[in-house]
Amino acid sequence: MAAVSNSYANETIRTLNNAVINPSSTYSTKTQWGLASYFSRVNYAYDETYLLSASIRTDGSSRFGPNNRWGYFPSASIAWRVTEEDFMSDLDALNNLKLRASYGVTGNFSIGNFAYLGTIGDYAYSPGGNYTIGQAQNSFGNPDLKWERTFSYDMGVDAGFFNNRLNIVFDYYEKTTKDLLYNVNTPAITGFTSSLTNVGDIKNSGIELELNTVNIQKSDFQWSTSFNYTKNNNEVTNLGGGVEERTISHSRGMDWILREGEPMFSFYGHKMLGVIQSEEELDEVATMTGQPVGTVHMEDKDNDGDIDDDDRMILGNFMPDFYMGMVNDVNWRNFDLSVVTQASFGGKRYNLENLYYQGATTSALLRPVVEGQWWSPEEPGNGEHPAASLSVLQYIGSNDYYLEDATFFSIRNINLGYSLPASLLEPFNVTDLRVYLSVSNALMLTKEGFNGYNPEGQTSGISGPNSYPGLNNGSEPLNRTIAFGINMNF
Amino acid sequence: MNKYSLYIVLLVLISGLTACHDSVTDLKPESELTEANFYQTAADMERAILGVYNGYQQRYPRNWVVFETPTDHVHKSEYDFIGGLLQVDQLSFHPSNDIFENFWQSNYNGIFRANKVIQSLDNPDDLPSADRNRIEGEARFLRALYYFDMVRAFGGVPEITSQVTIEDARTTQRASEEAIYELIISDLETALSNLPAKGEIESGRATTGAAAALLGQVHIYQENYDEALTYLNQVESMDYRLLDNFGDIYSLENEDHDEGIFTLKYIQDQNGNELPSDFIPYFGVEGYASLGNQIVDLSWDLHQEFQEEDSRTEATITEMWRNPDSEDSELTYRPYISKFLVPHNGRTSSGLDLHVIRYAEVLLLKAEALYYTGDTPGAVDYINMVRERAFGDSDHNYTVADATSEEEFLDILLHERQLELCLENERWPDLVRTGRFIDELSEIDRTQNLTVELDVEEHHALFPIPQHEINETEDGVLEQNPGYN
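These numbers were taken from a predicted model, which means no experiment stands behind them.

Trainee: Quick rundown of the overall build of chain B? Include the residues and the values.
Mentor: Helix and strand content of chain B: 19 helices and 9 strands. The burial tally for chain B puts 49% of its 485 residues in the buried class. Residue pairs at least 24 apart in sequence account for 66% of intrachain contacts in chain B once pairs closer than 6 positions are excluded.

Trainee: Outline the overall build of chain A, supporting the account with residue identities and numerical values.
Mentor: Helix and strand counts for chain A stand at 3 helices and 25 strands. The C-alpha atoms of chain A give 30 Å as radius of gyration, which overshoots the globular expectation for 490 residues (23 Å, by more than 25%). Its C-alpha atoms give chain A principal-axis dimensions of about 85 × 65 × 65 Å. Classification of the 490 residues of chain A by burial places 26% in the buried group. By sequence separation, contacts in chain A at least 24 residues apart represent 59% of the contacts at least 6 residues apart.

Trainee: Pulling in residues and values, what's your account of the nonpolar core?
Mentor: By size, the foremost hydrophobic cluster in this structure holds 134 residues, and its most contacted members are Phe 141, Leu 142, Leu 188 and Ala 211 of chain B. At 13 residues, helix 6 (residues 129-154) of chain B tops the list of elements feeding residues into this core. In terms of nonpolar packing, the next biggest core, distinct from the first, is built from 40 residues, Leu 180, Tyr 182, Val 199 and Leu 258 of chain A among them.

Trainee: An account of the pairing of strand 23 (residues 408-419) of chain A is requested, with residue identities and associated values reported.
Mentor: Residue and element names in this part refer to chain A. In this structure, strand 20 (residues 335-345) lies alongside strand 23, joined through 10 bridges in antiparallel fashion. Among the inter-strand pairings, Ser 344 is bridged to a residue of strand 23, identified as Phe 408. Where strand 23 and strand 24 (residues 432-446) come together, 11 bridges link them in antiparallel fashion. Counted as the bridge partner of Asn 413 is Ser 440 from strand 24.

Trainee: Outline the environment of Gly 284 of chain B, listing residues and values.
Mentor: Residue and element names in this part refer to chain B. If you trace the backbone, Gly 284 turns up in the loop between helix 11 (275-278) and strand 4 (296-298). On the neighbour-count criterion, Gly 284 (21 C-beta atoms within 10 Å) is buried. Residues Gly 284 and Asn 323, 39 residues apart in the sequence, show an inter-C-alpha distance of 7.2 Å. Setting aside residues no more than four positions away along its own chain, Gly 284 makes contact with Ala 289, Ser 290, Leu 291, Gly 292, Pro 324 and Gly 346.

Trainee: Which residues make up the sheet that holds strand 18 (residues 313-317) of chain A, and what values go with them?
Mentor: All names here are of chain A. Read from one edge of the open sheet, 4 strands run 13-14-15-18, paired in antiparallel fashion. Looking along the sheet, the strands with just one partner apiece sit at the ends: strand 13 (245-249) and strand 18. Going across the sheet, the axis of each strand differs from the next one's by a mean of 35 degrees, ignoring polarity. Where strand 15 (residues 266-269) and strand 18 come together, 4 bridges link them in antiparallel fashion.

Trainee: A description of the interface of chain A and chain B should follow, citing residues and the corresponding values.
Mentor: Between chain A and chain B, the residue contacts involve 60 residues of the former and 66 residues of the latter. Taken together, the elements giving at least two residues each to the side of chain A that touches chain B come down to strand 1 (35-46), strand 2 (50-61) and strand 6 (135-137) of chain A. Residues of the side of chain A that touches chain B, tallied by class, amount to 24 nonpolar, 31 polar and 5 charged.

Trainee: Hey, could you go over unusual backbone geometry for me, with residue numbers and the actual values?
Mentor: Even without being a glycine, Asn 429 of chain A presents a positive backbone phi close to 60 degrees. If you trace the backbone, Asn 429 of chain A turns up in the loop between helix 3 (422-425) and strand 24.

Trainee: Mind laying out helix 8 (residues 177-194) of chain B, listing which residues take part and the relevant values?
Mentor: Helical periodicity: at 3.6 residues per turn, an α-helix aligns residues three or four positions apart in one direction. All names here are of chain B. Relative to the 26 Å expected for 18 residues at 1.5 Å per residue, helix 8 spans 26 Å between its end C-alpha atoms, a close match to the ideal helical length. All of the buried residues in helix 8 are Ile 180, Tyr 181, Ile 184, Asp 187, Leu 188, Ala 191, Leu 192 and Asn 194. For helix 8, the elements touching its buried residues are helix 6 and helix 9 (208-221).

Trainee: Please give an account of the packing of helix 9 of chain B against helix 10 (residues 225-236) of chain B that cites residues and values.
Mentor: All names here are of chain B. Between helix 9 and helix 10, whose axes approach to 8 Å, the crossing angle comes to 155 degrees. One way to sum up the angle between helix 9 and helix 10 is to call them roughly antiparallel. Between helix 9 and helix 10 lies a crossing whose hand is left-handed. For the pair helix 9 and helix 10, contact is made by Gly 209, Ala 212, Ala 213, Leu 215, Gly 216, His 219 and Ile 220 and by Tyr 225, Glu 227, Ala 228, Tyr 231, Leu 232, Gln 234 and Val 235, respectively. Here the residues of the contact of helix 9 with helix 10 are counted per class, giving 9 nonpolar, 4 polar and 1 charged.

Trainee: Tell me about the environment of Val 362 of chain B, residues and numbers included.
Mentor: Residue and element names in this part refer to chain B. Examined against the element boundaries, Val 362 turns out to sit in helix 14 (residues 359-372). Owing to 26 C-beta atoms within 10 Å, Val 362 belongs among the buried residues under this scheme. Between the C-alpha atoms of Val 362 and Leu 232, which are 130 residues apart in sequence, the distance is 6.6 Å. Each residue touching Val 362, except ones within four places of it in the same chain, is listed here: Ala 213, Gly 216, Leu 232, Val 235 and Ile 261.

Trainee: Which residues make up the environment of Gly 452 of chain A, and what values do they have?
Mentor: Structurally, the position occupied by Gly 452 of chain A is in the loop between strand 24 and strand 25 (481-489). Ignoring anything within four residues of it in the chain, the contact list for Gly 452 of chain A reads Arg 349, Asn 351, Glu 353, Glu 404, Gly 457 and Asn 472 of chain A.

Trainee: Quick rundown of the confidence of the model for chain A? Include the residues and the values.
Mentor: Low-pLDDT portions of the prediction should not be read for the details of their coordinates. Averaged over every residue, the pLDDT of chain A is 89; the share at 70 or more is 98%. Taken element by element, chain A is modelled with least confidence in strand 9 (residues 181-185) of chain A, mean pLDDT 79, and with most confidence in strand 20 of chain A, mean pLDDT 97.

Trainee: Give a description of helix 5 (residues 98-120) of chain B that names residues and reports values.
Mentor: Its 23 residues give helix 5 of chain B an end-to-end C-alpha distance of 33 Å, which sits within 8% of 33 Å, the value for a rise of 1.5 Å per residue. A large share of helix 5 of chain B lies buried, amounting to 20 of its 23 residues.

Trainee: I'd like a description of the confidence of the model for chain B, backed by residues and values.
Mentor: When pLDDT is averaged along chain B, the result is 92, and 95% of the positions lie at 70 or above. Model confidence for the complex: the whole-complex pTM is 0.72, and ipTM, which rates the interface, is 0.90.

Trainee: How would you explain the packing of helix 2 (residues 42-59) of chain B against helix 6 of chain B if you had to name every residue and give the values?
Mentor: Residues and elements named next belong to chain B. Here helix 2 crosses helix 6 at 20 degrees, and the two axes come no closer than 10 Å. Taken together, the axes of helix 2 and helix 6 are roughly parallel relative to one another. Handedness of the helix 2/helix 6 crossing: left-handed. The segment helix 2 lies against helix 6, with Ala 42, Met 45, Ile 49, Val 52, Tyr 53 and Tyr 56 engaging Asp 131, Ile 135, Glu 138, Ala 139, Leu 142, Leu 145 and Tyr 146. Residue composition of the contact of helix 2 with helix 6, grouped by class: 11 nonpolar, no polar and 2 charged.

Parameters at a glance
- Residues numbered from 1 in each chain as written.
- Chains lettered and ligands numbered in written order.
- Predicted model: local features only at pLDDT ≥ 70, side-chain atom pairs only at ≥ 80, totals over all residues.
- Helix = DSSP H or I, 4+ residues; strand = E, 2+ residues; numbered from the N terminus.
- Buried ≥ 20, exposed ≤ 12 C-beta atoms within 10 Å, placed from the backbone.
- Contact = placed C-beta atoms within 7 Å.
- Rg over C-alpha atoms; globule rule 2.2 N^0.38 Å.
- Core = buried A, V, L, I, M, F, W, Y, C linked by C-beta atoms within 7 Å.
- Pairing = 2+ DSSP bridges.
- Axes fitted to C-alpha atoms, helices over the stretch in contact; angles between N-to-C directions.
- Nonpolar A, V, L, I, M, F, W, Y, C, P; charged D, E, K, R; others polar.
- Expected span 1.5 Å × (residues − 1).
- Parallel < 35°, antiparallel > 145°, perpendicular 65-115°, else oblique.
- Left-handed = near helix turned anticlockwise from the far one by under 90°.
- pLDDT = per-residue confidence, 0-100.

This is the structure:
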């Protein structure tokens, strides 16, 4: 319940009964959803060597229409502990070897309640000058809505060597999500531009490798390392509705594309070749309508003499090609040190925030994006940075000028500690006491040419088919925290 | 025997299996209105028709983006409020332009709302037939307005008169321009016979006067001048008149005046419009608004049409401006359109009511109809009625000597329509229907010192069908207008 602003009769009574209640923001609501599930499972183990488990569950959700309320979700896994076999007992170096494979289906029903029905919303008009609530349907019903399902396969090996001084875990996986529940575009003549639909399929496949080693194992000196590597391939395998691609346009010109066979939400726009330096060059090169000197020279892909939508191409993707991480733990006498590092390779960011640091708006300037800017034919800069006033933004934003490689190496955390000897603590009834110094985000190295404050920063994630992942329009910079602390146990 | 271990776990709810899960999964919405439980009662229908008005009321304030920006009245300012505006301003229309896409989408959403009302009219059993007829008249009037905007922008468009499925929508082709005009005329004729007269219904709703005036306008677009005259004469016999003072037409005082024929009602901060902000300087206007949108600036081409003795000049254009933000700023020459400027917070909603069609336009339409039915003196008289109100006397009247040819007549008619109706969404359709857009728009004086040349071609008469909509239909279903492929 809310009051109409400035409607209190006086300042004395401050409860709602002294104000005019605003009907448009006063409501109570009741909603409900139900989920019914049936579940069964089989576990089987033979001699702790051959392991098998299988299950099936059936779920019915009130969120789907009567036609497709129920979903079926089987799963199964098998494993073979090779080292349990008699023929392996002679191999001393290899103390653990397990081969495993699994398959499973999971379901997603995280949509609104009664989303399969077209809903009615309030839309006011003011006949006779009186604000009057009217109503209109504001979504398109879809009685065929059904469960989104993810089919996963995984094959892996666990191996331990030299009494588990070296452990290797390796996995290959493939996950296909089918019938994604998203709002998709519909022809506007239906009255609506989108409708919640089971839209299409996306496949993620890749490998994960984990290495754990105990490098030094002595009574007063231990050092262990854990390393991981992940490479994921994403692919749109089906967009549904007979379409092979959809583009999502941002108002500043860059497009994101969903195209079958390509990673989802790839950047799609013009290729920058340079900066148009002079009127003479402007006459020679292909341009967009009305494009002035000092803006971006773009590739005329179809060689028709002008730059238009047909000249766009895939320019990269927000997802990294692969990433790695490493954790080192060292203990020496009473000192302990832990260093966490992380690296990511090949992801891109559309750093639209650079715009705010180029002088077009009244905010700070950032040297690398201002230096070398085109000012005039006499001061054309270094040919890499176009003129960046707001009035020419449409000739700058639609190409890869703001697209930057977000590859990085970082030291995420350093933690150095010292534990006081027990003998010192005993008189004070303290079991242990550790003092430590920790630094988070100690180091972040990005590639030259990356101007954002945080290579992982983005201001828009994935929330449906009309998303702009990898758009950085001013995300929060990384903050470094230096902490000094004491852990004490009694 | 641990070696042979076998576990089987089965969790099954055994009793009341189906009865149990139906009560869990088969729920009915209790707080949400849905298509399943709406459009059922008289009260539902009364609210649903307001929903149709709402759609038009929300879009109309920015109709100028489509119908005034590509003309010699205004040009895009240095501020970017609306994506794609520069292209519309420079007549470099492109199928992927957001403006046309949004225009298309919001119109069809309005058409959907009207269709839902029309197809649900017989659902309620508590709706008296008089109300049923009125609601049908209102819905058909509004549907005609939506389609009239569409056909003037794009030519023939898909003719949707009831709810369609997504699958059908993907295979629906454009209807011909004639078919859309036939639909508009038949909707308006039904509206005319079903709607109450002015004064018998709240202001802001459709009336016989509104239907007749729009029928007159539509018939003029179709060059059916006899039919146009019939309807315009009907409007003339109703209770409308020119206000004495042009400046009172768009003002917050006495908004339900006798010149408004179909007027959209707005209430500040509740369901207002930003039109009073759209044309004024970015930094606002002292005493009126602390901020402005300044989406477009006044073009010199329009500015120089205005004469000093014409009271519309002062009511439409303000020439001097000082920055309200800075104490020591002085009045400088900085002309802007102040036709719709009323006091409001600035860059926010205002309560200014907007007239979709008003009596002065009916008089000018009648002048046109009279001319093309052979009555030149009558035509000149009707233009003069509008002029006399503006100048306060008959000294500036035209005579038949000013209209010795069709070209001359169109010169004075279009000139008068500019002075009277500029920024009321008539200029682009006027230039297109008279075939003058190439001549008038190839060279535009933006300011006294800046003349731009535009590459205007015949095919610009129709805007491009939004590429987004073409992509959403199956291949080859939605045909692009010529010149845009």
